[in-house]
Amino acid sequence: MKKLFLLLLLVFIHSCDKPEQIDHTRDTERFGLVANKAIVVSAREEASKIGLSILQKGGNAFDAMVATEMSLAVAYPFAGNLGGGGFMVYRMENGEKGSLDYREKAPLASSKKMYQDEQGNVTPEKTKLGGLAVGVPGTVSGIFAVHKKFGSLPMEEILAPVIDLARNGYVVTAHQAETLKKYSENFISENNDTILFAKSYAAGDTLKNPALANTLERIVKNGKKEFYEGETAKLMIEYLKVHGGIMTMQDLKLYQAVWRDPVTFNYKDLGIISMPPPSSGGIVMGQILKMAEPYPLEKYGHNSIKTIQVLTEAERRAYADRSFYLGDPDFVKIPSDTLLSDSYLKGRMDNFSFSKATSSKEIEHGEIAGYESMETTHYSIIDQFGNAIAATTTLNGAYGSKLYVDELGFFLNNEMDDFSAKPGSPNMFGLIGAEANSIAPGKRMLSSMTPTIVEKNGELWLTLGSPGGSTIITSVLQTILNVSEFGMTMQEAVNAPRFHHQWLPDVVLFETDSFDENLLDSLKLKGYKVNEGESMIIGKVDAIRVLPSGKLEGGADKRGDDTALGF
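Residues numbered from 1 in each chain as written. Predicted model: local features only at pLDDT ≥ 70, side-chain atom pairs only at ≥ 80, totals over all residues. Heavy atoms only, no water.

Undergrad: It is not clear to me how the pattern of salt bridges should be interpreted in this structure. Could you clarify?
TA: Note that side chains of opposite charge can pair when their charged atoms are close. Across all of its chains, the model carries 27 salt bridges by this definition. Measuring nitrogen to oxygen at the nearest pair gives 3.9 Å for the salt bridge that ties Lys128 to Asp417. You can call Asp417 buried: its relative accessible area is 4%. Across the salt bridge formed by Lys524 and Asp521, the nearest N and O atoms sit 3.9 Å from each other. Placement of the pair is Lys524 and Asp521 together in helix α19 (residues 517–525), with a separation of 3 residues, close to one helical turn. (Salt bridge = Lys/Arg side-chain N within 4 Å of Asp/Glu carboxyl O. Buried < 20%, exposed > 50% of the residue type's maximum accessible area, 1.4 Å probe, protein only. Helix = DSSP H or I, 4+ residues; strand = E, 2+ residues; numbered from the N terminus.)

Below is the structure:
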């Protein structure tokens with residue numbers, strides 16, 4: 001009888017071993033791709049495919065990171081880049097963790113008031129378009145730093161399929177055709193001529209970029225020096241001089257990616273590893289989650305009025321702190337420990353009430369004694385060895401400054417807009433900055449990019465991140481909560497409707513047609529200003545979850561062409 005009971009018990013436990021026991025091919029709305037060993041999730045199928053092919057050759061997550069990053073530069077020039085920068089967080093199979101900062105820097109000829117006129121007013125066009133908007137690119141330095149420290153395959157082998165993709169072309173998607181059409185006039189006006197991407201493309205067309213293939217071949221042959229000191233560097237600087245840029249060969253030669261200690265904090269039984277300054281992502285997300293932790297979100301329910309209130313009020317306070325305290329840690333002292341301390345954050349929520357909204361006019365940065373872009377892209381990788389990376393890369397605005405170096409085959413960033421051109425003036429994402437993020441030669445601009453890895457009970461559990469400018473942080477944290485508090489699968493979690501608040505402007509953004517009108521009306525009655533913008537999209541999260549069986553589930557956001565592939 002005991003044997004029969006044990007047998008029945010084992011069958012019951014086995015049948016409850018979700019979600020990996022479910023036939024995922026019949027439930028693709030709920031479950032993403034499930035793989036036994038490795039997954040790559042990125043904004044384009046071509047990039048995920050090339051990244052995965054590197055893993056299948058025996059490469060590790062870091063080899064695949066280099067391949068995926070460069071493939072996005074080819075097939076997703078909207079945000080993938082050689083002329084921009086980014087951040088990566090990693091966790092090794094043995095639990096070792098770290099982060100890489102390959103964020104752009106202000107050229108040495110930059111100055112604090114370079115975008116202000118004689119009356120002290122900011123000229124926003126100069127921070128967004130043309131040569132003066134361009135920061136010193138960090139992406140190429142980033143991939144070589146990763147490869148030097150962790151790479152296992154030769155760079156030539158890693159980049160060979162990327163070069164083939166650029167030379168032989170990739171298929172234009174409907175989304176891509178739409179954005180190219182939208183910006184074609186900007187491309188022509190900023191470059192004073194037509195460019196490869198200003199031509200008319202329809203979904204299904206093949207787009208070839210031989211100039212980028214040639215640039216990548218020179219980089220394979222000559223290494224990092226090619227981009228920062230070689231022919232590629234010279235062509236870039238000559239081009240920028242013609243278009244009003246101030247970057248020099250010295251700026252390029254001096255650029256170095258920097259390994260940094262990640263921001264780490266706990267939320268209940270989760271250990272969260274995220275990006276430190278000059279990204280604001282890790283600290284701000286940590287503040288929001290820790291302010292929300294005392295409230296029973298699971299009991300309130302997903303996107304219920306109480307859950308929305310708690311997160312909105314925590315976001316309001318965290319973004320107020322962001323605007324005042326955060327910047328480049330090489331230039332300003334950041335009170336990270338205090339900002340993430342339980343006592344400080346408890347005090348920040350003292351004046352929160354479920355009965356009515358707190359006005360952002362009443363909220364300033366907290367008192368401490370002594371004291372990025374809609375057009376970003378993210379990819380997540382877990383390899384067959386158990387290593388995980390989360391990487392977010394950007395040109396800042398769509399196609400960056402719109403400047404395209406025709407001989408080199410890539411766009412240049414407009415990251416200078418992420419500085420506080422004038423403390424108190426908003427950037428393109430409406431974010432207010434202070435002295436900590438003012439412009440200085442050689443300084444890295446503050447970012448919202450939030451590549452994140454989550455441990456559960458000390459084991460690897462999630463890797464994720466998102467594009468979305470100032471909404472990146474809230475997109476990532478809501479996705480974590482969707483899985484941890486509300487029991488969603490990885491695919492459900494990335495697909496779920498999102499909302500966002502960032503202190504100023506004092507408005508709660510909701511994705512269009514995704515929230516019940518009665519709920520929104522109830523929030524309005526409590527004093528919340530609600531905005532459901534036309535076709536508003538908040539973030540595009542790409543994530544991977546380690547299932548209880550050890551298998552992996554990829555979540556590729558339905559809001560774009562994002563694709564998860566694995567084996």
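Undergrad: For this particular structure, what's the right way to read the packing of helix α14 (residues 305–325) against α19?
TA: The relative placement of two packed helices comes down to the angle between their axes together with the axis-to-axis distance. Relative to each other, α14 and α19 sit at 50 degrees, their axes nearing to 10 Å. As far as their axial angle goes, α19 and α14 are oblique. In terms of crossing hand, the pair formed by α14 and α19 is right-handed. Note on element contacts: α19 touches α14 through Leu519, Ser522 and Leu523, opposite Ile305, Ile308 and Gln309. When grouped by side-chain class, the residues that make up the contact of α14 with α19 number 4 nonpolar, 2 polar and no charged. (Axes fitted to C-alpha atoms, helices over the stretch in contact; angles between N-to-C directions. Parallel < 35°, antiparallel > 145°, perpendicular 65-115°, else oblique. Left-handed = near helix turned anticlockwise from the far one by under 90°. Contact = heavy atoms within 4.5 Å. Nonpolar A, V, L, I, M, F, W, Y, C, P; charged D, E, K, R; others polar.)

Undergrad: How should I be thinking about the pairing of strand β20 (residues 552–556) in this particular structure?
TA: Note on strand geometry: in a regular strand, side chains alternate between the two faces of the sheet. Of all 5 residues in β20, 5 are buried, a share of seventy percent or more. In the sheet, strand β1 (residues 34–35) pairs with β20 via 2 bridges, with the strands oriented antiparallel. Paired with Ala35 across the strands is Leu552, a residue of β20. Bridge count between strand β19 (residues 542–546) and β20: 5 bridges; the pairing is antiparallel. Looking at β20, one finds that Ala543 is bridged to Gly555. What sits between β19 and β20 in their antiparallel hairpin is a turn of 5 residues, with Gly550 showing a positive phi close to 100 degrees. (Pairing = 2+ DSSP bridges.)

Undergrad: Where do I start with the environment of Gly554 in this structure?
TA: As for its placement among the helices and strands, Gly554 is situated in strand β20. Along the primary structure Gly554 and Asp383 are separated by 171 residues, whereas in three dimensions their C-alpha atoms are 12 Å apart. Setting aside residues up to four positions removed in sequence, Gly554 forms contacts with Gly32, Leu33, Ile39, Val41, Met490, Gln491, Ala543, Ile544 and Ala564.

Undergrad: Could you clarify how one ought to interpret α14 in this entry?
TA: Working note: α-helix, 3.6 residues per turn, so residues spaced by three or four point in the same direction. End to end, α14 covers 30 Å across 21 residues, agreeing with the expected 30 Å (1.5 Å per residue, within 8%). In terms of burial, α14 is largely enclosed, as 18 of its 21 residues are buried. (Expected span 1.5 Å × (residues − 1).)

Undergrad: Even after reading the chapter, I still don't get the sheet that holds strand β15 (residues 459–465), so can you show me in this structure?
TA: Sheet strands pair via backbone hydrogen bonds, and the direction of the pair is either parallel or antiparallel. Sheet architecture is open: 7 strands sit in the order β1-β20-β19-β15-β14-β9-β8, paired in antiparallel fashion. Edge strands, defined here as strands with exactly one partner in the open sheet, are β1 and β8 (263–267). Where strand β9 (residues 270–274) lies against strand β14 (residues 452–456), 5 bridges are found, and the strand directions are antiparallel. Directly across from Ser274, in β14, lies its bridge partner Thr452. Strands β8, β9 and β14 of the sheet are contacted by helix α12 (residues 281–292), whose axis makes an angle of about 15 degrees with β8. Across the sheet, helix α17 (residues 472–484) is in contact with β8, β9, β14, β15 and β19; its angle to β15 comes to roughly 140 degrees.

Undergrad: Explanation requested: the nonpolar core in the structure shown.
TA: The nonpolar side chains of a soluble globular protein tend to be buried, and buried together. Counting 86 residues, the largest nonpolar core has Leu82, Met88, Phe197 and Ile389 as its most contacted members. In this structure, Ala35, Met291, Tyr295 and Ala320 belong to the second largest nonpolar core, which totals 79 residues. (Core = buried A, V, L, I, M, F, W, Y, C linked by side-chain atoms within 4.5 Å.)

Undergrad: Please explain the packing of aromatic side chains as it appears in this structure.
TA: To describe a pair of aromatic rings, one takes the distance between the centres and the angle between the planes. Per the counting criterion, the structure on display carries 25 aromatic pairs. On the numbers, 4.9 Å between centres and 75 degrees between planes, the contact of Phe510 with Phe515 is edge-to-face. The structure contains a cluster of three or more aromatic residues connected by ring pairs, namely Tyr76, Phe78, Tyr183, Phe187, Phe197, Tyr399, Tyr404 and Phe411. Over the ring of Trp461 we find Lys456, and its NZ or CZ is 4.7 Å from the ring centre. (Phe/Tyr/Trp six-rings, centres within 6.5 Å; stacked < 30°, edge-to-face > 60°. Lys NZ or Arg CZ within 6 Å of the ring centre and 35° of its normal.)

Undergrad: How should α12 be read in this particular structure?
TA: Counted at 1.5 Å a residue, the expected span for α12 with its 12 residues is 16 Å, and the 16 Å between its end C-alpha atoms agrees. Within α12, 12 of the 12 residues are buried, leaving the element largely enclosed by the surrounding structure. All of the buried residues in α12 are Gly281, Gly282, Ile283, Val284, Met285, Gly286, Gln287, Ile288, Leu289, Lys290, Met291 and Ala292.

Undergrad: Just to check I follow, could you spell out the sheet that holds strand β16 (residues 499–500) for this structure?
TA: Strand order across the open sheet formed by 3 strands is β16-β17-β18, with mixed pairing between neighbours. Two strands bound the open sheet, and with one partner strand each, they are β16 and β18 (530–531). Direction of pairing for β16 relative to strand β17 (residues 508–510): antiparallel, over a ladder of 2 bridges. The residue of β17 that forms the bridge with His500 is Leu509.

Undergrad: Sorry, what's going on with the pairing of strand β4 (residues 97–102) here?
TA: Among the 6 residues that make up β4, 5 are buried, leaving the element largely enclosed by the rest of the structure. With 6 bridges connecting them, strand β3 (residues 85–91) and β4 associate as antiparallel partners. Residue pairing across strands places Gly86 opposite Tyr102, the latter belonging to β4. Here β3 folds back onto β4 in antiparallel fashion, the turn holding 5 residues, of which Gly95 has a positive phi close to 95 degrees. Strand direction decides the pairing type here: β4 and strand β7 (residues 258–260), joined by 3 bridges, are antiparallel. Residue pairing for β7: Ser99 is matched across the bridge by Arg260.

Undergrad: What should I look at first to understand the environment of Tyr90 in this one?
TA: Structurally, Tyr90 is set in strand β3. Separated by 11 residues in the primary sequence, Tyr90 and Asp101 have C-alpha atoms spaced 12 Å apart. Beyond its immediate stretch of four places on either side in the chain, Tyr90 contacts Phe62, Glu96, Lys97, Gly98, Ser99, Lys149, Phe150, Trp259, Ala388, Ile389 and Ile453.

Undergrad: Help me understand the environment of Pro278 in this model?
TA: Its place among the elements puts Pro278 in the loop between β9 and α12. Classification of Pro278 as buried rests on a relative accessible area of 0%. In this structure, Pro278 is in contact with Phe87, Asp101, Arg103, Arg260, Gly327, Asp328, Pro329, Arg444, Met445, Leu446 and Ser447, ignoring residues within four places of it in sequence.

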